Amino acid sequence: LSGSDTGIGHALAKHLDSLGFVVFAGVLNKDGPGAEELRRSCSQRLSVLQLDVTNATQVKEAFLTVSEKLQNAGLWGVVNNAGILGFPADGELLPMSTYRHCMEVNFFGAVEVSKTFLPLLRKSQGRLVNMSSMAGGIPLPRYAAYGASKAALSMFSGVMRQELSKWGIKVAAIHPSGFRTGIQGTAEQWDEQEKELMENLPADTRQAYGEEYLLGLRSHLLHLPSHCAPDLSPVLGAVLHALLARRPQGLYTPGKGAYIPLCVFCFFPLWFYDFF
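Just so you know, these numbers come straight off a predicted model, no measurement behind them. (Residues numbered from 1 in each chain as written. Predicted model: local features only at pLDDT ≥ 70, side-chain atom pairs only at ≥ 80, totals over all residues. Heavy atoms only, no water.)

(A) Layout of the domain arrangement of the protein. Segmentation of the protein into domains returns domain 1 (7-184 + 230-272) and domain 2 (186-227). Using only C-alpha atoms to locate each centre, domain 1 and domain 2 end up separated by 28 Å. (Domains from an automatic or database assignment.)

Structural data, given as structure tokens:
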């Protein structure tokens, strides 16, 4: 698993460990509180790995560590869960650094991990599970950077599902609706990103949107967690099904109403979806 420091990845590492899996929990900071909590509360079967998915050296080192521990056992599943949200704001307002950072972590990082670990999955005819998002399947306002990176990951999952089937490897993409996870970030991180956003805005763009609207972005962000479900069990259940079912689905949409906007998007005219 990647991104096990907080949120879904952290809960998933604990859940899989409690079910008796041998878990390799990749974390962004092996000395951080999330990693410490996993060491303290999980069994000896769980290994914490230093894994920044944007760092090719760390991905390779994680692969060597896992290979060494497995010896000839084979690896059953890879869950690409590491992800960042970026500051939720209109696509025109977001600095290019936000687009690049989202793609680096949410897409290129997942691709690098997948490509590196595929030889182990081929050996076991195992599973590749990619944590995408509702925003990766349908356009949602203020999520241009995040949504584009998750859409790229979803398309990658679909193509891999077709290409890897000849080796018996099954691939699934998870599109959760809003859940309360560590991805919402801390106040300090948002201060930094908001500062960068505001400093890079041309005067005419600032004028077009208006100060009141720009200040409202922060309030949208602060209210984000209140619209998100605190219970992560639907997502954990979907990942578990993707890992264990004889015939896993190619796409999972866990969470209250996750499929409703998707149905509207797929079966209604686009003008109606945009209005909705």
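Still more to cover.
(B) Examining the nonpolar core more closely. Counting residues in each nonpolar core, the largest one holds 29 residues, and the members touching the most others are Val66, Leu75, Val78, Phe117, Leu120 and Leu121. Sorting the residues of this core by element identifies α3 (56-70), α4 (96-124) and α5 (144-163) as the ones contributing at least two each. Top contributing element to this core by residue count: α4, with 9 residues. If sequence neighbours within four positions are ignored, leucine 121 has contacts with Leu75, Trp76, Gly77, Val78, Gly126, Arg127, Leu128 and Ile169. (Core = buried A, V, L, I, M, F, W, Y, C linked by side-chain atoms within 4.5 Å. Buried < 20%, exposed > 50% of the residue type's maximum accessible area, 1.4 Å probe, protein only. Helix = DSSP H or I, 4+ residues; strand = E, 2+ residues; numbered from the N terminus. Contact = heavy atoms within 4.5 Å.)

(C) Spatial organisation of the pairing of strand β2 (residues 47-50). As defined by bridge partners, strand β1 (residues 24-27) adjoins β2 across 4 bridges and the pair is classed as parallel. If you follow phenylalanine 24 over to β2, its bridge partner there is serine 47. The β-α-β motif built from β1, the intervening helix α2 (residues 33-41) and the parallel element β2 has right-handed crossover chirality. (Pairing = 2+ DSSP bridges. Right-handed = clockwise from strand over helix to strand, strands pointing away.)

(D) Quick peek at α2. Among the residues of α2, those classed as buried are Gly34, Ala35, Glu37 and Leu38. For α2, the angular spread of buried residues about the axis comes to 160 degrees, placing them on one side. Summarising the geometry of α2, the exposed residues directed more than 90 degrees from the buried face are Pro33 and Arg40. In this fold, the buried residues of α2 make contact with α1 (7-18), β1 and β2. (Arc of directions from axis to C-beta.)

(E) Representation of the side chain of serine 4 within the structure. With respect to the element layout, serine 4 can be found in the segment before α1. Residue class for serine 4 comes out buried when judged on its relative accessible area of 0%.

(F) Expanded view of the packing of aromatic side chains. According to the stated counting rule, one finds 8 aromatic pairs in the structure shown. Plain terms: the ring middles of tyrosine 209 and tyrosine 213 are 5.8 Å apart, the flat faces sit at 40 degrees to each other, and that makes the pair tilted. A ring pair is formed by tryptophan 271 and phenylalanine 272, whose centres lie 5.9 Å apart and whose planes are at 85 degrees; its orientation type is edge-to-face. The exposed category is assigned to tryptophan 271, whose relative accessible area is 60%. A network of ring pairs unites the aromatic residues Phe107, Phe108 and Phe156 as a single cluster. The ring of tryptophan 167 has arginine 122 sitting right over it, with the charged end atom 4.4 Å from the ring centre. (Phe/Tyr/Trp six-rings, centres within 6.5 Å; stacked < 30°, edge-to-face > 60°. Lys NZ or Arg CZ within 6 Å of the ring centre and 35° of its normal.)

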